[in-house]
Structures are given as C-alpha cells and as structure tokens.
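Chain and residue survey
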Amino acid sequence: MTPRLTLINRDYTRLWFGQAVSSVGDAVFSTTLVLWVATVLAKGESWAPLAVSGIVMASGVAVLVIGPLAGVFVDRWDKRATMLRSEVLRGVLVAVLTVITFLPAGALPAGAWLALIYVTVLLLHAAGQFFSPARFAVLADLVTGDADRARAAGIAQATGETAWIIGPPLAAPLLFTVGLQWALLFNGLSYAVSYIAIRSIGARELGTGSARPAAERGPVERQQGALRKEFMDGLRFFAGSRFLVALLLLAVIGQFGAGALGTLNVFFATDNLHADAHLYGYLGMAMGAGGITGALCGGRMVQWLGARRTTWIGLLVSGVLLVAYSRQTGFLGGVALLFAFAVPLTMLNTAMSPLLLAAAPPDYRGRVMAVFYPVTRLASMLSAALSGWLAGSVLRDVGGSLGGLRFGPVDTIIAASGLIVLLAGVFAMAALPDTGAGKAAAKAGEDTATPADRADPADPADPADQADQAAKERQDAEVVAHHDDGELSARATDRSDDPRPTDG
C-alpha cells in the first residue's frame, strides 16, 4: 500500500520535495534581486528599468549560449550525478554572493554591484541548463505511463506556482527587515535541501533510457566532431517534428507576450498601482495562485474544449486580461487581474510536459529540452530587454491622456504585450488545425519517431509490434484527456517556463 504522503512513487516524492524547496528559494532570490536593484541600488535613477532587465538578460544569455550544448552532454552523462553537481555549484555561487553583500551598498560603485549580480545570475542559470534536462530525463524514468506523467506535470506546475505564492511575500520582509544577505542565504540553503533530496533517490542509473552509458562509448564519440554531430542530430530531430515545433511556438508566444511583467511590474506597482514596495511580493503571490488554479483546471479544459480551442481561447483571454491590468490604478484591482491573467496562461503550459515526454525518445530528451528551453528563454529575454530599454530611454518621457485614459511608459508597454498575446490568439484561432487532443498526441509519436524506430517498409510488420504501437498511441491520446478526480486532488497539495526570471 502506497503511503499517504507519497506522490506517485517514493523516489518521485523525494525529487519533488527537493525541487519544491529549491523553487521557493529561487522565487525569494529573484524577487529580492529585483527589489534591491529597483528600490535601493538604482532608486530614483532613469536607468533603473534597464538595470532590472539586465537580470533577465543575464539569465537569458546563459540559456542561449550554454543550453543547446548542455543537452548533448546531459545525454551522455549520468543524470543523477549531473543534478547533484549542478546543485553544489549553484549553492557555492549563492554563498559567495551572500558573503560579498555583507558590504554596505555604498562600498562598491553601482556598476560593480550590477556586474556582480549579472555574473552570478548568468552562472546560476548556466548550471541550471545542465540540471533541467537531466531532471527531465530522470523524471521520465521515475514516472512511467502517460497518466502518471500527466499527473506529475500538474503537480510540478502547481508546486512551481505555489513557490511564487510563498517566495515573493517572504522576499520583501527579509530584504527590508534583516537585509539582502539573509534573503540570498535562504536560496543557498534551498540548494542544500535539493542536493540531499536528490542524493536520497535510488542509486540506479537514471535517465539513460535506451542510450548507452558514458562508460560504454567509444573514444571517437568523445571527440569534437562527434559532439557537433550529436548536436546537429538533435536540431534536425526537433525541426523535423511538426508537433514539437507547434509546442515551441505556443511557449514562445506566451513568454514573449508576458515577458515585460518580469521587468516592469515592480515599477508598475509603485507608479501605477500606487503601492508601497513592501507590497510588491503580493503581486507575485496573485500570479502564483492563478497559476495553481490554471494548472488544476488545464486538463479538464483540454478534455472539454479540445487542444485547439483551449489554445486560442487561452491566448485571447490572457491578452485581454493583460491589457486590462495595464489600465489599473488600484492595488486590489491589480492583484485580482494578475490572478485572472495567470489562469489561462498556465492552462497552456500544463499539457506541454507530458506531451514533450511522449514526443522525445530517451536518446534525445536532453537535446529536445536543450532546444525548447533556450528558444523560449530567448523570447522572454528579448521581451524583457526591449521593455526595459523602451521604459528607460525611448518612452521615458511619454505620458498623457487619450479618451480620458491616462497613460505612461510602463503601462503602455504592458498593454502592448497584452495586444501581442491577443493577436496571437486570433492567429491561432484561424491557423491551428482543428484536431483533438488524442490526434495531436498520437501525431507526436508519429512525427518524432527516430529513423531507427521507423520500420523498414520492405520488412513485414510484426503483429505484436503493431499491437504495442496501437496501445502506445492510445496512451498518447490519453495524455491530455486523462485527468480524473483523484489526480486533481493530488495536484491541489503539490509543483520553465514562467515569465519570472528563474529556472525553478
């Protein structure tokens, strides 16, 4: 009998717990840095929005430069050991930054502080590029069966959003009462907890699937030419799958449209919502609560409406709500609209993880995620950089009223982001094929089959293989639709890509 406190299985529960604690630490860390740069280091400066956007840009550079190559190495290396080493490195980086922040803010020039923060964030996210695909591969071995994988995706999504309910409200009091260094130390300790949890997972070789362990590879495969070949094979595999490309497009739209919030929301809260900086964390809390609601409702919505309708309706509703949020002048109204905005946006993300797991064979899982994460992060980075640059330079002095509505640089940029999401919904409504969730999932298996997995047309089909393939396609069709009441109840208590600057 499975213990009541076990989610899916014991090893998955341990992995989930470590990542839940680490996600809270990441939320505290990201919120603390944004608040400290905006309200202390760059307080009253015209370049403050650009300085905050630099945090997102630093993480994006790591994803774009390290991410694609990291997937190749992760496919070769022991996945559990890769996760452990990544947590050690990230813990050391945060510890070093924490020690330095015991210096008074005036002890170093603002440029030196920003450089130190940017370099630390870049290295943290560089380590995360090895951790995320390794965790993706390990998860595929710890959780088998499409129904359990869909449940794990819902748990992961809800837990991640819960972290953003808990983390931001913790960050502001820690920063303004006990100081920057103690808020950073909280994140460092969360990496230690994650390390212990991962170490407690069974020592069997995880995340290898049908791939050969690194020890069995010949010396030629370790050469630079083999590395380049494997990298290009991963790119060709991803580009050749229409299903993976469609999932990537949806993620890019969501990240690009909502990315401005990660940079400008702290300024919108103080300037447009007229809220004290101490209340900023509650906006993140509202998005977290909306994300949990969306994660719990996402499976049902896809089951009722189908994948196509859920996609374009979610984009349309998210776009309208983001535009409405940009027009708010009261804190409570802003909190309510951020909650509502996060619900349809998260619904789009809930189904992606199990579909990606089904679409990526074991030998390609690291490289699939090494394409997916960098491209979506590039969209978020470009949106953050552009919004910070516009608010701090080109649109800095923009202001006025139109039709009785007052507008300034920050709310104008957020409104434009909402329009991007809205227009994407209109495009999706007209362009996406009217296919059900079952067809889409089954198509994923067809589109992403590797050459070795495809049967030779000249060979007679084995009836047993045909039966196995039919069963697999039926399972693929249930990835989105299979969300029974028991799974939904489990997600209520338990955890990409998110517009906020963290890997999670």
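Bear in mind that the values here come from a model prediction, so they are computed numbers and not experimental data.

1. Some words on the overall build of the protein chain
When helices and strands are counted, the protein chain shows 17 helices and 2 strands. When burial is assessed residue by residue, the protein chain has 56% of its 504 residues classed as buried. Accessible area for the protein chain stands at about 21000 Å²; split by element, carbon and sulfur atoms hold 65% of it.

2. A few points about helix α4 (residues 110–142)
Between its first and last C-alpha, α4 extends 46 Å over 33 residues, near the 48 Å set by a 1.5 Å rise per residue. At Gly128, α4 shows its maximal kink, close to 25°.

3. As for the nonpolar core
Membership of the largest hydrophobic core comes to 55 residues, with the highest contact counts inside it found for Tyr325 and Phe341. Once residues within four sequence positions are removed from consideration, Phe341 is found in contact with Ala258, Leu261, Met287, Ser318, Leu321 and Leu322. Residues Phe131, Leu142, Val143 and Ala152 belong to the second largest nonpolar core, which totals 19 residues.

4. Details of the packing of aromatic side chains
Here the structure, examined in full by the defined rule, presents 5 aromatic pairs. When the ring of Phe73 is compared with that of Trp77, the centres are 5.2 Å apart and the planes differ by 35°; the resulting orientation is tilted. Using a relative accessible area of 25% as the deciding quantity, one classes Phe73 as partly exposed. Overall, Trp77 belongs to the partly exposed group, its relative accessible area being 34%. Counting every residue linked through ring pairs, the aromatic cluster contains Phe73, Trp77 and Phe130. For the cation-ring pair, Arg90 lies above Phe131, with the distance from its terminal atom to the ring centre recorded as 4.8 Å.

Here is what the cut-offs are and how they apply
- Residues numbered from 1 in each chain as written.
- Predicted model: local features only at pLDDT ≥ 70, side-chain atom pairs only at ≥ 80, totals over all residues.
- Heavy atoms only, no water.
- Helix = DSSP H or I, 4+ residues; strand = E, 2+ residues; numbered from the N terminus.
- Buried < 20%, exposed > 50% of the residue type's maximum accessible area, 1.4 Å probe, protein only.
- Areas by Shrake-Rupley, 256 points an atom, 1.4 Å probe, with all protein chains shown as cover.
- Expected span 1.5 Å × (residues − 1).
- Bend = angle between axes of the 7 residues up to and from the residue.
- Core = buried A, V, L, I, M, F, W, Y, C linked by side-chain atoms within 4.5 Å.
- Contact = heavy atoms within 4.5 Å.
- Phe/Tyr/Trp six-rings, centres within 6.5 Å; stacked < 30°, edge-to-face > 60°.
- Lys NZ or Arg CZ within 6 Å of the ring centre and 35° of its normal.

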